[in-house]
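Chain by chain, the residues run as shown.
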Amino acid sequence: MKSVSLERLQRLVTILSDGRFHSGVKLAQILGVSRTAVWKLTNKLKLWGIELFSVRGKGYKIPNGLTLINGQYLEQQITANAKLFSSVEVLSTVDSTSSYLARSWAQGNGEGRIVIAEHQTGGRGRNGKTWVSPFGTNLYFSLGNRLPMGLSALGGLSLAIGIGLAKFFNQHTDRKVKLKWPNDLLVDQRKLAGILVEASGDSNDNSFLNIGIGLNWKMPSNAQGIEQPWINLSEILIKELDRNKLLAQVLLALDDILYDYIENGFESFRSHWAEYSAYYGEPVVLTSSTGTVSGIEAGIDKMGALRLKMDCEEKTFYSGEVSLRPSTC
Ligand code: BTN
């Protein structure tokens, strides 16, 4: 059951999402609390990463407002159009949509399910990194499903998702969206979106897939704690797109990608790697827990492993962090 305080926060943020001033007195009346309690609630909203102005005599305001996620609209889009997903849950705040979905799955309730959050307190990236997740600005969501294939057949899946999404985003922008192996989406070397694929099950014919996506939409320029350069999708779109419409389209694109992967396998995605790879044919460095190797990026193999041309041989790698090798001249 939702706590009273969370419900109040949700009501408050919904009122303030219009971007106008609302007086403390009015807010206190609507929420049925004291003005001091309103002030405390606004401080909690700031902890969610919401930029909030307060001006004496005028009240509180979120500059430029927020377009909140519309669960009803998304549920209707998914039930009407998706092939593999049937339910949508929207949370104001959660530790991580990926962890939430994994917990739901453990309780027997994750099949065909999409979980979206406005804010994450413990957003997770690959390799144990944190995914900074301020409220209402970006998109954080996870899709869960049972797959009619064992873990051993999932080798290329996380790359297929990256390739499929790169193709999708390139239809909406004239800046080139590229992939850094295995599946970071970049524009001009700046991160646009990250993909975290987690799977569990057996190696033969059944697995649970948990796809977590973090997409930078309108990350505030003063966002703290992000380790790498980033870019917002809203800045590079050819045509302005509403946050909910964009999210519905991304979710349906993911539904298509997954369906295509189940029906046709990895090969139809793999053939597009050279087109979308940020570093194909370039000198790169691969850093992993076992050390650093250098080579020329030579594409990916049938399992999605990275191929590197080294001095006299070609080698494949299954994990590590890729970066461009700095020029020595
Ligand atoms: C990466 O590039 O390192 C992957 C980032 C994945 C972030 C998303 S946000 C939604 C979902 N919930 C999480 O905790 N992580 C993923």
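Above: the structure in question.
Residues numbered from 1 in each chain as written. Predicted model: local features only at pLDDT ≥ 70, side-chain atom pairs only at ≥ 80, totals over all residues. Heavy atoms only, no water.

### Here we look at the nonpolar core
Okay, step 1: Judged by nonpolar contacts, the single largest core of 65 residues is most densely connected at F141, L165, F169, L185 and L192.
Okay, step 2: Among the elements that take part in this core, helix α7 (residues 243-264) stands out by supplying eleven residues, more than any other.
Okay, step 3: V13, L16, L41 and L52 belong to the second largest nonpolar core, which has 19 residues in total. (Core = buried A, V, L, I, M, F, W, Y, C linked by side-chain atoms within 4.5 Å. Buried < 20%, exposed > 50% of the residue type's maximum accessible area, 1.4 Å probe, protein only. Helix = DSSP H or I, 4+ residues; strand = E, 2+ residues; numbered from the N terminus.)

### What about helix α1 (residues 4-16)?
Okay, step 1: The end-to-end C-alpha separation of α1 is 18 Å, in line with the 18 Å expected for 13 residues at 1.5 Å each.
Okay, step 2: Regarding α1, the residues found buried are L9, Q10, L12, V13, I15 and L16.
Okay, step 3: Considering only its buried residues, α1 is in contact with α2 (24-31), α3 (35-47) and β2 (59-61). (Expected span 1.5 Å × (residues − 1). Contact = heavy atoms within 4.5 Å.)

### Some remarks on the site of the ligand
Okay, step 1: Around the ligand, the surrounding shell holds 20 residues, and the nearest of these are S96, Q120, R124, R126 and K191.
Okay, step 2: With respect to the ligand, the side chain of T97 contributes an N or O atom lying 3.1 Å from a nitrogen atom.
Okay, step 3: Summarising the interface, the protein chains cover 98% of the accessible area of the ligand, which totals 410 Å² for the free molecule.
Okay, step 4: Elements with a minimum of two residues in the shell around the ligand: α5 (97-106), β5 (139-147), β8 (190-201) and β9 (207-215).
Okay, step 5: Examining the composition of the shell around the ligand, we find that four residues originate from one element, β8, more than from any other.
Okay, step 6: A per-class count over the shell around the ligand returns six nonpolar, ten polar and four charged. (Near = heavy atom within 4 Å. Polar contact = N/O pair within 3.5 Å; in protein donor to acceptor, adjacent residues only side chain to side chain. Areas by Shrake-Rupley, 256 points an atom, 1.4 Å probe, with all protein chains shown as cover. Nonpolar A, V, L, I, M, F, W, Y, C, P; charged D, E, K, R; others polar.)

### Some thoughts on the packing of aromatic side chains
Okay, step 1: Evaluated as defined, the whole model comprises four aromatic pairs.
Okay, step 2: Where W48 meets F135, the ring centres are 5.1 Å apart and the plane angle is 10°; that geometry is what we call stacked. Of the two residues, W48 sits in the loop between α3 and β1 (53-55) while F135 sits in the loop between β4 (113-117) and β5, which places them 87 residues apart along the sequence. For the pair W48 and F135, a shared accessibility class is recorded, and that class is buried. (Phe/Tyr/Trp six-rings, centres within 6.5 Å; stacked < 30°, edge-to-face > 60°.)

### What about the sheet that holds strand β14 (residues 321-324)?
Okay, step 1: If you walk across this open sheet you meet the five strands as β13-β12-β11-β10-β14, and the pairing is antiparallel. Two strands bound the open sheet, and with one partner strand each, they are β13 (314-317) and β14. Pairs of neighbouring strands in the sheet enclose a mean axial angle of 45°, with direction left out of account. (Pairing = 2+ DSSP bridges. Axes fitted to C-alpha atoms, helices over the stretch in contact; angles between N-to-C directions.)

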